[in-house]
Amino acid sequence: MLFLELFAQGLIYGCMYATIAVGLTLVYSLLRILHVAHAGLFALGGYLGLLLTNATGSLILALPLAAAAVGVVGMAIYRFCYEPILHRPPYVALIASIGLFIALEEIFRLIFGPYGLTYAQAPLQETFAMGGMTIRRVEIVIVVGSVLILGILSWLSRHTRLGVAWRATVDDPQMAASFGISVLKVRYLNFFIGSALAAVAGVFISLLSNLVEPTMGGVPSYKALAIIVLGGLGNVTGTLCASLLLGVTEAFGTIYIGNFMDRDAIAFAFMIVVLMVRPQGLFGGR
Amino acid sequence: MKPLLEVADLTLHFGGVKALTDVSFAVREKEFLCLIGPNGAGKTTLLKSILGIVQPQQAEIRLAGRSITHLPTHRRIRLGLALTHQIVRPFTCMTVRDNVALAAGHQRLQRVLGALVHLDRRSERAKAAAFLERVGIGDYMDHPVAGLPLGVLKRLEVARALALSPRLLLLDEPLAGLNHVEAGRLADTVAEINQGGMTVVMIEHNLSEVLRVAQRLVVLDNGAKIAEGDPRQVLLMPTVQAAYLGEETDIAAD
Amino acid sequence: MLRSKRVVLVVLGLVILGVANATGADTIKIGFNTPLTGFAASDGKSCSEGAKLAVDQINAEGGVLGRQLELVIYDDQAKPAQAIPIANKLIGKDKVVMGISGSYSGATRSAAGVFQENKIPYISAYAIHPDITRAGDYVFRTSFLGEIQGKAGAKLIGELMGKRKVVMITLQNDFGQSLAAGFKSVAERYGLAILNEYQYAIKDRQFGAMVAKVKADAPDAIYASGYYFTAGPLVSQLRAAGVTASVIGQEGYDSQKFIEIAGDAAEGVIITTSLDRDSTVPETVDFMKAFEQQAGFKVDMVAASGHTAVKVAAAALAKAGGTDPKALRDAIAAVELKASTGEIRFNALGEVMKAVQIQVVKAGNWRHYAVIDDPELLAPPEN
């Protein structure tokens, strides 16, 4: 029973990690940029989702709005932060991204205050019994929601012109241009989708703990990076597997070795072990 | 008659290396122009500049009288250019037909929402099949790209370029790596396409085939244009012969 | 044109500086290091609001020794490395007569060393690490030591509430660990059996795995250390999973934000703290009202601590009759003050001896539950 509950918790964490890490891997696969500011968009999504839900009383309305808004912000970040420095060595983009992330944290604190915000009426908190465990509705929504969203994106990438063009561009941007594909449009689309996913993950987290704070992007910022390295940089399937694996490892690890190592240490220790065995990541090797 | 393509004073350097200096030429509609010259003369760079894949420091490029010098690649393709690459790199995640279909559908990609909503890709797939037949590799339609012989890949590349419905087809050494028979066959196919009304600019090293199909030649050497005109006359010019000296190319006219 | 503009600006700047300096000369400066940015920014804000209120109140009544008080605030981000240069700046450049720490233990410890070395008095408003006052005789603390509060928690659970089986959830920092140490040191005395202890980091907000394990342990009571932003989610997740055991926390929970985050799950949560919301003591009642009016949000323990520290500083200044550091230090050591967070009286080490307030969440507000006034149990160390 405990085992099942821990596994379920691991699944929930894993789905959340997946939702935020996939966006990061999408950006990396297209532009080879480690988009640390992605975690700032995650936090922005959490804030907007919460504020919109409090204002409209409807999470169903707030979530897509927040995701779309953050998607647009993501595109703006590409245009104003990354595009001007694309031809420079990759560490320039990394530094710019880190700087942007720190600035975002401070902006949140300045605008929304340091105390964090809570839902006026936290939605999806009802609990019910399932298989002997007590589950909150939000936990089901996270798992089902992530699977659904990622599944739809996967389908779209295979069965629509846009999706195929996107995959072609990731594969070989120069060739894609020769196919009449606007590489710029694909980049914007990439950032839009990745950022919207981060926003959804941010809203999920805010529902789980009924709290959004300026520093909420802190842990995801480096953990998501670690996940995409673990999965094999640029590989979406790898990222998904790594996310789930990490979620489950954390769930069990915090209980059984939590008194020696804190949760992040467990996550990184696990990753170091995997990377020692397979340095290119689980699915890497490009 | 106004030329279909005009290139004026194109200059391009990478760092300190001058790849192209003040290259100018024009291509008439329905013409079959061949671009020749020793290795490293800048021929591929010239075609890439026309398509916008590389940016010259200075140039004025016009397609049907309209300046395209500052347009991005996908816009130039929309206006009627297409380029085949010397090193063929089709998308390995798709079949032969899907590669061509992707190119055929490029117009639909211009509007993002439209591209998402309009899911029916059958018309593109049908067109792709037609193009593949035209270049003679219809049998390979549903093959995955991996493991195909070079001859097939080269024809795939031509089909892919045709699928963009261009007015001007740029070909970068389509015959490279093919044996004598295959090269002849593919050159014939390209000539047929040209006879069907397509304007063609082709870079080629295989001078015997060039002599068979080209209507006009432009010769580049060390980034500069050194000759232009009737194929046989151009190849007899001393400057052209000197440029090729030391190259393993037999330029004796038939 | 541009040059003359620049000259005007420079002259204007000098004039402003001059004016600022002129007005500064008359005030008594008290240094204040607190985290205004970073992970502890919420506590920094609360503490500075409390301290500022005290300064405003004192100045409104004419200040101290005929002069106005001025709070010189610097942001240390709760980082020891930042606190040291700030302490040096306060002493060397701003020439403060004393310092107050509105920050966490790590930063306070570092700054305390600097103040002690320069023989300038320093008061820790709410940081609980024992080594702080051990820096020397110029360092004081107006709040409980972590261990003492932990001991009170054990007595609360074992004796007042009559529970036996306890699971501990400990925050992995100075705060959580000293509470846990105090709790464990007297747990047996009050008949408590500690089933398990789990640890978590200050950044954690998702406790699903831990909650599942605690549920399996089936304790009577849970002794959980944390701040409102960790305890809020923790308690809410515990209750959502169906864990009904009593939850006992400490002053880190003491904020309306805890109740906002945990919602209904906060009902019945009990904490050890220094602020009694139901107090009839005029100092406390007046303070709470004035704070809510000035700051715009309900008072929390950290704000009250900041307020108390400033009041102690002012009382000591008045008693010393001047700003001589040694006289000031002696005055603080001899202070006897009734503040919102209790009766402030220091022992030889600079620690306070005061009763522990127990509060419970009832109908969405903190209410009085009990008081623990056990001098033997709560006696702070003398050295």
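(A) Quick peek at the overall build of chain A. Across its full length, chain A holds 11 helices and two strands. Its C-alpha atoms give chain A a radius of gyration of 19 Å, near enough to 19 Å, the size a compact globule of 286 residues would have. Counting only C-alpha atoms, chain A reaches 55 × 50 × 35 Å along its principal axes. Residues classed as buried in chain A amount to 58% of the 286 residues present. Look at the contacts in chain A between residues 6 or more apart in sequence, and 77% of them connect residues 24 or more apart. Counting every atom, chain A has about 11100 Å² of accessible surface; 73% of that belongs to carbon and sulfur. Across chain A, the mean location of the 15 positive side-chain charges is 12 Å away from that of the 12 negative side-chain charges.

(B) Seen up close, the interface of chain B and chain A. On the chain A side, the residues contacting the 30 residues of chain B number 24 residues. Both faces combined, the contact of chain B with chain A buries some 2500 Å², and carbon together with sulfur accounts for 63% of it. For the chain B face of the interface with chain A, the top three residues by lost area are Arg89(B), Phe91(B) and Arg121(B), together amounting to 25%. Remark: the boundary between chain B and chain A carries two salt bridges. Salt-bridge contacts for Arg161(A) lead to Glu124(B); the nearest nitrogen and oxygen are separated by 2.9 Å. Our enumeration of links across chain B and chain A arrives at five residue pairs in polar contact (both at pLDDT 80 or more). Broken down by secondary-structure element, the contributors of at least two residues to the side of chain B that touches chain A are α2 (73-78), α3 (96-104), α4 (112-117) and α6 (150-163) of chain B. Considering only residue class, the side of chain B that touches chain A consists of 13 nonpolar, nine polar and eight charged.

(C) Examining the arrangement of the chains more closely. Out of two pairs of chains that touch, the pair holding the most contacts is chains A and C. Between chain B and chain C there is no contact, and the shortest C-alpha to C-alpha distance separating them is 37 Å.

(D) Fine view of the interface of chain A and chain C. Taken residue by residue, the interface counts 33 residues in chain A and 36 residues in chain C. Interface area lost by chain A to chain C is led by Tyr115(A), Ile255(A) and Asn259(A), which between them contribute 23%. With its nearest N and O atoms 2.8 Å apart, the salt bridge here joins Lys203(C) to Asp264(A). Joining chain A to chain C, the criterion identifies 15 residue pairs in polar contact (both at pLDDT 80 or more). Secondary-structure elements contributing two or more residues to the side of chain A that touches chain C are α1 (2-31), α4 (90-112), β2 (133-136), α8 (183-209), α9 (218-231), α10 (236-256) and α11 (263-277) of chain A. Looking at which element gives the most residues to the side of chain A that touches chain C, the answer is α1(A), with five residues. The residue makeup of the side of chain A that touches chain C, split by class, is 14 nonpolar, 11 polar and eight charged.

(E) Broad picture of the sheet that holds strand β8 (residues 199-203) of chain B. Residues and elements named next belong to chain B. The strand order β6-β7-β8-β3-β9-β10 describes an open sheet built from six strands, whose pairing is mixed. Of all the strands in the sheet, just β6 (81-84) and β10 (224-229) have a single pairing partner and so form its edges. On average, each strand axis in the sheet is tilted by 15 degrees relative to the strand beside it, whichever way the strands run. Pairing geometry for strand β3 (residues 32-36) and β8, over four bridges, is parallel. Its bridge partner being in β8, Phe 32 is matched across the sheet by Val 200.

(F) A look at the side chain of Arg277(C). All names here are of chain C. Take Arg 277: it is sitting in the loop between β10 (270-273) and α11 (282-295). Overall, Arg 277 belongs to the buried group, its relative accessible area being 16%. Side chain to side chain, Arg 277 and Asp 254 meet in a polar contact 2.6 Å long. Aside from chain neighbours lying at most four places away, what touches Arg 277 is Asp 254, Ser 255, Met 288, Val 299, Asp 300, Gln 359 and Trp 366.

(G) Spotlight on unusual backbone geometry. A positive phi angle is found at Ser165(B), which is not glycine, with a value near 50 degrees. Structurally, Ser165(B) can be placed in the loop between α6 and β7 (168-172). In this structure, Ala218(C) takes a positive phi of about 50 degrees despite not being glycine. On the secondary structure map, Ala218(C) appears in the loop between α8 (208-217) and β8 (221-224). Of the residues examined, Ala218(C) reaches a relative accessible area of 44% and is grouped as partly exposed.

Parameters and conventions
Residues numbered from 1 in each chain as written. Chains lettered and ligands numbered in written order. Predicted model: local features only at pLDDT ≥ 70, side-chain atom pairs only at ≥ 80, totals over all residues. Heavy atoms only, no water. Helix = DSSP H or I, 4+ residues; strand = E, 2+ residues; numbered from the N terminus. Rg over C-alpha atoms; globule rule 2.2 N^0.38 Å. Buried < 20%, exposed > 50% of the residue type's maximum accessible area, 1.4 Å probe, protein only. Contact = heavy atoms within 4.5 Å. Areas by Shrake-Rupley, 256 points an atom, 1.4 Å probe, with all protein chains shown as cover. Lys, Arg positive; Asp, Glu negative; His and termini not counted. Charge placed at Lys NZ, Arg CZ, Asp CG, Glu CD. Buried area = accessible area lost by both parts, 1.4 Å probe. Salt bridge = Lys/Arg side-chain N within 4 Å of Asp/Glu carboxyl O. Polar contact = N/O pair within 3.5 Å; in protein donor to acceptor, adjacent residues only side chain to side chain. Nonpolar A, V, L, I, M, F, W, Y, C, P; charged D, E, K, R; others polar. Pairing = 2+ DSSP bridges. Axes fitted to C-alpha atoms, helices over the stretch in contact; angles between N-to-C directions.

These figures capture arrangement, not role.
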